[in-house]
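Fold and contact review
Each chain, written out:
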Amino acid sequence: LKLRMSGLTPLAAGMLKGLEVLKEEERRNSSTIPVLTIITDGEANIPLKDDLRTGVTREFNPLDASFYHYEKEAQTDAISVAQMIRKEGIQTVVINTAPNAPLTPELTLFDEPSTTGSWTTGMIATLTNGVHYELRLRSADKEKAVAEISDILLQTQERLSLRHRILRGKEN
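Residues numbered from 1 in each chain as written. Predicted model: local features only at pLDDT ≥ 70, side-chain atom pairs only at ≥ 80, totals over all residues. Heavy atoms only, no water.

Observations concerning the nonpolar core
- Ranked by internal contacts, the top residues of the largest apolar core, which has 21 residues, are Leu-11, Met-15, Ile-38, Val-81, Ile-85 and Ile-124.
- Secondary-structure elements contributing two or more residues to this core are helix H1 (11-28), strand S1 (35-40), helix H3 (71-88) and helix H4 (117-127).
- Contact partners of Ile-38, with chain neighbours within four places excluded, come to Leu-11, Met-15, Thr-92, Val-93, Val-94, Ile-95 and Ile-124.
- In this structure, Ile-95, Val-131, Ile-149 and Ile-152 belong to the second largest nonpolar core, which totals 7 residues. (Core = buried A, V, L, I, M, F, W, Y, C linked by side-chain atoms within 4.5 Å. Buried < 20%, exposed > 50% of the residue type's maximum accessible area, 1.4 Å probe, protein only. Helix = DSSP H or I, 4+ residues; strand = E, 2+ residues; numbered from the N terminus. Contact = heavy atoms within 4.5 Å.)

Comments concerning H3
- With 18 residues, H3 extends 26 Å between its outermost C-alpha atoms, agreeing within 8% with the 26 Å of an ideal straight helix rising 1.5 Å per residue.
- Turning to H3, its buried residues number three or more, namely Glu-71, Ala-74, Gln-75, Asp-77, Ala-78, Ile-79, Ser-80, Val-81, Ala-82 and Ile-85.
- Taken together, the buried residues of H3 touch H1, S1, strand S2 (91-96) and H4.
- Residue Gly-89 follows H3 closely and has a positive phi angle near 75 degrees. (Expected span 1.5 Å × (residues − 1).)

Some words on the confidence of the model for the protein chain
- Within the protein chain, residue pLDDT values average 81, and 81% of them lie at 70 or more.
- Note that residues 103-114 has pLDDT below 50 and, in this model, 10 contacts with residues that lie over four places away or in other chains. (pLDDT = per-residue confidence, 0-100.)

Digging into the packing of H3 against H4
- At a minimum axis separation of 8 Å, H3 and H4 run at an interaxial angle of 20 degrees. Judged by the inter-axis angle, H3 sits roughly parallel to H4. As H3 runs across H4, the sense of the crossing is right-handed. Contacts between H3 and H4 involve Gln-75, Ala-78, Ile-79, Ala-82, Gln-83 and Arg-86 from the first element and Trp-119, Thr-120, Met-123, Ile-124, Thr-126 and Leu-127 from the second. (Axes fitted to C-alpha atoms, helices over the stretch in contact; angles between N-to-C directions. Parallel < 35°, antiparallel > 145°, perpendicular 65-115°, else oblique. Left-handed = near helix turned anticlockwise from the far one by under 90°.)

Some remarks on the pattern of salt bridges
- If you walk through the whole model with that rule in mind, you get 7 salt bridges.
- Its salt-bridge partner being Arg-28, residue Glu-25 comes within 2.9 Å of it at the nearest N-O pair. Taken together, the residues span about one helical turn, with Glu-25 and Arg-28 both in helix H1 at a distance of 3 residues.
- A relative accessible area of 61% places Arg-28 in the exposed class.
- Put simply, Glu-24, Glu-25, Arg-27 and Arg-28 are held in one network by salt bridges that share partners. (Salt bridge = Lys/Arg side-chain N within 4 Å of Asp/Glu carboxyl O.)

Here's the deal with unusual backbone geometry
- Of note in the backbone geometry, Asn-129 takes a positive phi value of approximately 55 degrees without being a glycine.
- Mapped onto the fold, Asn-129 is located in the loop between H4 and strand S3 (131-134).
- Taking the relative accessible area as the measure of exposure, Asn-129 reaches 40% and is therefore partly exposed.

Concerning the environment of Leu-36
- Tracing the backbone through its elements, the reader meets Leu-36 in strand S1.
- A relative accessible area of 8% means that Leu-36 is categorised as buried.
- Distance from Leu-36 to Gly-130, taken between C-alpha atoms, is 9.3 Å for residues 94 residues apart in sequence.
- With sequence-adjacent residues up to four places away left out, Leu-36 is seen in contact with Met-15, Gly-18, Leu-22, Ile-85, Ile-90, Gln-91, Thr-92 and Val-93.

What about the environment of Leu-135?
- Tracing the sequence through the fold places Leu-135 in the loop between S3 and helix H5 (142-171).
- Placed 94 residues apart in sequence, Leu-135 and Asp-41 show a C-alpha to C-alpha distance of 9.5 Å.
- Excluding anything up to four places from it in sequence, Leu-135 contacts Ile-95, Asn-96, Thr-97, Ala-98, Pro-99, Glu-148, Ile-149 and Ile-152.

Structure representation (structure tokens):
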């Protein structure tokens, strides 16, 4: 698996795709325990093409997005998708890879500096009744980062499995 960083984060689109995949898997296999894992810096800056609340199709310039001109819309979209995830009862693990990351000197020159991703990731975890971890990753420590994320996922697996069995038991 190769991941590249571009500075463009379509967080809501990724969450929505994850929700769709998990719902489809639940339809195919009733024993599936759906868990959505979101690994992000939380700095959403690419909104959904269609506004979930109004259905209006948006036009936006990717270059403007890289300068956080659409950050508010992108964060609102991520919050809307988080609410959809909660309604579906999907368990969520949110790992923020850049908690309280300072703004870079370039970004502080703009009138509307980006908010920290910690608020966004914390809100997603809260709205989905999920678990939230903050993990500061260094690009040079790729193997360590993978190991830390794996440990987090293993630690939460048992807890989420138990929670899922309890929730499903209440429905029956």
